[in-house]
Amino acid sequence: MSYPEPRYLGDSGQVSALFRPARPQPDTGWSGTGISYVARQEHTNGEFGLYKLDMGPKAMGATEHFHRTISESFYVLTGEIRLYNGERWVTGGQGDFLYVPAGGLHAFQNDSDEPVSLLLLFTPGAPREEYFEKAAEYAQRSREELKAFRIRHDQYNTDMLDD
């Protein structure tokens, strides 16, 4: 394996780093889950999106699904999270990592009585913010509207594939 082709062709570097100070509150969330936008895709030139997920005890995450255009990675910061790797449920703890390539089935939830905090990395970057901000709202709408919303955000839940 080798490095990719150069994307910066200058000779002396450039001033282009992004510093984002931590916010006191998450950017969005729902029922015991807070989501902080660490690095949105527009800040990384579409290379990736990085999000911090804080889930309360017994918080539901996402049911079995896959993405067609993006990979998703999970890195556990604190607590324990149940992760579905497409074949079985595993318990991830501090420092554990799960990589799910495009097309890979996965799900997650906090079954424990303690909070959990993890990082979600999407590559390449995708505009996941609207999905995070409106998923709970669309879950209250008709099944057809929910399915269309999910598909618009590259979220293919297996319980809706036959619709």
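Look up: the structure comes first, before these words.
Because the structure is predicted, anything quoted here is derived from the model rather than measured. (Residues numbered from 1 in each chain as written. Predicted model: local features only at pLDDT ≥ 70, side-chain atom pairs only at ≥ 80, totals over all residues. Heavy atoms only, no water.)

## Topic: the pairing of strand S7 (residues 89-92)
Right, so step 1: In this structure, strand S6 (residues 81-84) lies alongside S7, joined through four bridges in antiparallel fashion. Within S7, the position partnered with Tyr 84 by the bridge is Trp 89.
Right, so step 2: The hairpin turn running from S6 into S7, its antiparallel successor, is four residues long, and Gly 86 in that turn takes a positive phi close to 95°. (Pairing = 2+ DSSP bridges. Helix = DSSP H or I, 4+ residues; strand = E, 2+ residues; numbered from the N terminus.)

## Quick look at the sheet that holds strand S9 (residues 106-109)
Right, so step 1: The strand order across the open sheet built from five strands is S7-S6-S9-S4-S11, with neighbouring strands paired in antiparallel fashion. In this open sheet, the two edge strands, each paired with only one partner strand, are S7 and strand S11 (156-157).
Right, so step 2: Here strand S4 (residues 60-66) pairs with S9 via three bridges, running antiparallel. The residue of S9 that forms the bridge with Ala 62 is Phe 108.

## Quick word on the layout of surface pockets
Right, so step 1: One number sums up the size of the largest pocket: a volume of about 420 Å³.
Right, so step 2: Around the largest pocket sit 26 residues that line it, and Trp 30, Gly 61, Ala 62, Tyr 131 and Ala 135 are the ones nearest its centre.
Right, so step 3: Counting residues per element, the ones that place at least two in the lining of the largest pocket are strand S2 (33-39), S4, strand S10 (116-123), helix H1 (129-139) and helix H2 (143-152).
Right, so step 4: Within the lining of the largest pocket, the residues separate by chemical class into 15 nonpolar, seven polar and four charged. (1 Å grid on protein atoms, 1.4 Å probe; cavity = no way out; pocket = protein on both sides within 12 Å on 5 of 7 lines; lining within 4 Å. Points joined across faces, edges and corners; volume = space filled by probe spheres on them. Nonpolar A, V, L, I, M, F, W, Y, C, P; charged D, E, K, R; others polar.)

## A word on H1
Right, so step 1: Every buried residue belonging to H1 is among Glu 129, Tyr 131, Phe 132, Ala 135 and Tyr 138, and all of these are buried.
Right, so step 2: In this fold, the buried residues of H1 make contact with strand S1 (28-30), S2, strand S3 (49-55), S10 and H2. (Buried < 20%, exposed > 50% of the residue type's maximum accessible area, 1.4 Å probe, protein only. Contact = heavy atoms within 4.5 Å.)

## Observations concerning the side chain of Gln 155
Right, so step 1: Assignment of secondary structure puts Gln 155 in the loop between H2 and S11.
Right, so step 2: There is a polar contact of 2.9 Å between the side chain of Gln 155 and the side chain of Arg 128.
Right, so step 3: A polar contact is formed between the side chain of Gln 155 and the side chain of Tyr 131, at a distance of 3.4 Å.
Right, so step 4: Apart from the residues within four sequence positions on either side, Gln 155 is in contact with His 65, Phe 66, His 67, Arg 128, Tyr 131 and Arg 150. (Polar contact = N/O pair within 3.5 Å; in protein donor to acceptor, adjacent residues only side chain to side chain.)

## So, the sheet that holds S3
Right, so step 1: An order of S1-S2-S3-S10-S5-S8 is seen for the six strands of this open sheet, with the pairing classed as antiparallel. In this open sheet, the two strands that pair with only one neighbour each are S1 and strand S8 (97-100). Adjacent strand axes in the sheet meet at a mean angle of 20°, parallel and antiparallel pairs treated alike.
Right, so step 2: Where strand S5 (residues 71-78) meets S10, seven bridges bridge the pair, whose relative direction is antiparallel. Directly across from Phe 74, in S10, lies its bridge partner Leu 120. (Axes fitted to C-alpha atoms, helices over the stretch in contact; angles between N-to-C directions.)

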